[in-house]
Amino acid sequence: MLLIQEQIKTALKARDAVLVAHYYVDTKLQILAEATGGIVSDSLEMARFGQNSNANLIIVAGVKFMGETAKILSPEKTVLVLDNNATCSLDEDCPIETFSKFCDQHPDRTVVVYANTSAQVKARADWVVTSGSAFNVVKHLKINGKKILWAPDKHLGNYVKNKTGADMLLWQGACVVHERFKAKTLIQLQNKYPEAATLVHPESPQEVVDLADVVGSTTALINAVKNRKEQTFIIATDNGIFHKMHEVAPNKKLIEAPTMGVGADCESCAHCEWMAMNTLENCLSTLQTGNNEIFINANIRKKAKNAIQKLLDFTA
Ligand code: 13P
Ligand code: SF4
């Protein structure tokens, strides 16, 4: 019996498929994506890679909005996700009906939504941004005199609002993983490792962001581990990212930022339950059955594409 990795490799080849994985998924899937000509990256590069790839079938190891973004950008290709139920609390927190009413109430504002949203929400937006691009896009809109309606992540929105000084009306969604990081226990850890640099994803609460040496997208945090001179890092983001960080800086010490403290419901739970639904087993079965295909209504797709394409052109 062949190893499951070998079976997936053969199936990818046979189906002219490419595996596109996020930094938060199972290490084995990340290794396989890179070993088979696919990619492991942040959400922005996942979208770009799928669009530029020659493969007819894109297998997305991540969450649903990542599969939808790939399909929006590559409608002629078949896009499969590994589990249809792998969603995201930010996407769930922003249902199209209520969001659309909110937009209708503020017609004077430019609608900017985070990539972690449904295709319908993207279709209602003027711009789609990712954590790696939000600051520059909002700064650009502010310079052009725009007032902004932002959704869904209140923490990322608040961070960008403070940094740019833009007039931003914020939807009140949150990432259940990053919201668990606690400032009080992070300060205790920083006191224990005064030589460490603290790296924080901007989906974290303001008081945690305020303690960071670097605030940035998953790619920015990996680059910080690689390029900064410190040998020890405290990291406040999903711990799936540790695989890539260890790979780019094998001799550096990486410590998980604490999620315990008042109000937390676990001791260290910095791993997204939806990203964890991506496994080698469902990768193989998805390839074999063709299940979990992403379909998007043509009208929604066209509108969502406009909003995403602005970002791709802006960040090109
Ligand atoms: P990145 O765009 O930084 O990869 O973030 C995606 C995400 O879901 C973070 O929780
Ligand atoms: Fe969504 Fe948070 Fe999971 Fe990222 S880590 S997919 S923002 S729930």
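Thresholds applied
Residues numbered from 1 in each chain as written. Chains lettered and ligands numbered in written order. Predicted model: local features only at pLDDT ≥ 70, side-chain atom pairs only at ≥ 80, totals over all residues. Heavy atoms only, no water. UniProt positions renumbered as here; feature names shortened; annotations may be inferred. Phe/Tyr/Trp six-rings, centres within 6.5 Å; stacked < 30°, edge-to-face > 60°. Helix = DSSP H or I, 4+ residues; strand = E, 2+ residues; numbered from the N terminus. Buried < 20%, exposed > 50% of the residue type's maximum accessible area, 1.4 Å probe, protein only. Lys NZ or Arg CZ within 6 Å of the ring centre and 35° of its normal. Near = heavy atom within 4 Å. Polar contact = N/O pair within 3.5 Å; in protein donor to acceptor, adjacent residues only side chain to side chain. Areas by Shrake-Rupley, 256 points an atom, 1.4 Å probe, with all protein chains shown as cover. Nonpolar A, V, L, I, M, F, W, Y, C, P; charged D, E, K, R; others polar. Contact = heavy atoms within 4.5 Å.

Per an unreviewed UniProt entry, the protein chain goes by the name Quinolinate synthase and belongs to Candidatus Ruthia endofausta. Under the UniProt heading Pathway (unreviewed entry), the note attached to the protein chain is "Cofactor biosynthesis; NAD(+) biosynthesis; quinolinate from iminoaspartate: step 1/1." Heading Cofactor (unreviewed entry) of the UniProt record for the protein chain holds this comment: "[4Fe-4S] cluster".

**What about the packing of aromatic side chains?**
Given two aromatic rings, their pairing is described by the distance between the two centres and the angle made by the two planes. On inspection of all chains with the given rule, the structure shows 3 aromatic pairs. Taking 5.8 Å as the distance between ring centres and 90° as the angle between the ring planes, the aromatic pair formed by Trp 127 and Phe 314 counts as edge-to-face. Of this pair, Trp 127 sits in strand 6 (residues 127-129) while Phe 314 sits in helix 15 (residues 298-314); the two residues are 187 residues apart in sequence, bridging distant segments of the chain. With a relative accessible area of 9%, Trp 127 lands in the buried category. Members of the aromatic cluster, joined through ring pairs, are Phe 99, Phe 102 and Trp 171. Above the face of the Phe 135 ring, Lys 163 is positioned so that its terminal group lies 4.2 Å from the ring centre.

**A short note on the site of ligand 1**
Every residue near ligand 1 is listed here: His 22, Tyr 24, Asp 42, Ser 43, Tyr 114, Asn 116, Ser 131, His 178, His 201, Glu 203, Ser 217 and Thr 218. Take Glu 203: an N or O atom from its side chain is 2.9 Å from an oxygen atom of ligand 1. Residue Thr 218 places a side-chain N or O atom 2.8 Å away from an oxygen atom belonging to ligand 1. Relative to its unbound accessible surface of 300 Å², ligand 1 loses 95% to contact with the protein. Of the residues in the shell around ligand 1, the class split is 2 nonpolar, 8 polar and 2 charged.

**Here we look at helix 3 (residues 43-52)**
Among the residues of helix 3, Ser 43, Leu 44, Met 46, Ala 47, Arg 48 and Gly 50 are the ones counted as buried. For helix 3, the secondary structure elements touched by its buried residues are strand 1 (17-22), strand 2 (39-41), strand 3 (57-61), helix 4 (64-73) and helix 15. Measuring from the side-chain oxygen of the N-cap residue of helix 3 to the backbone nitrogen of Glu 45 gives 3.0 Å; that N-cap residue is Asp 42.

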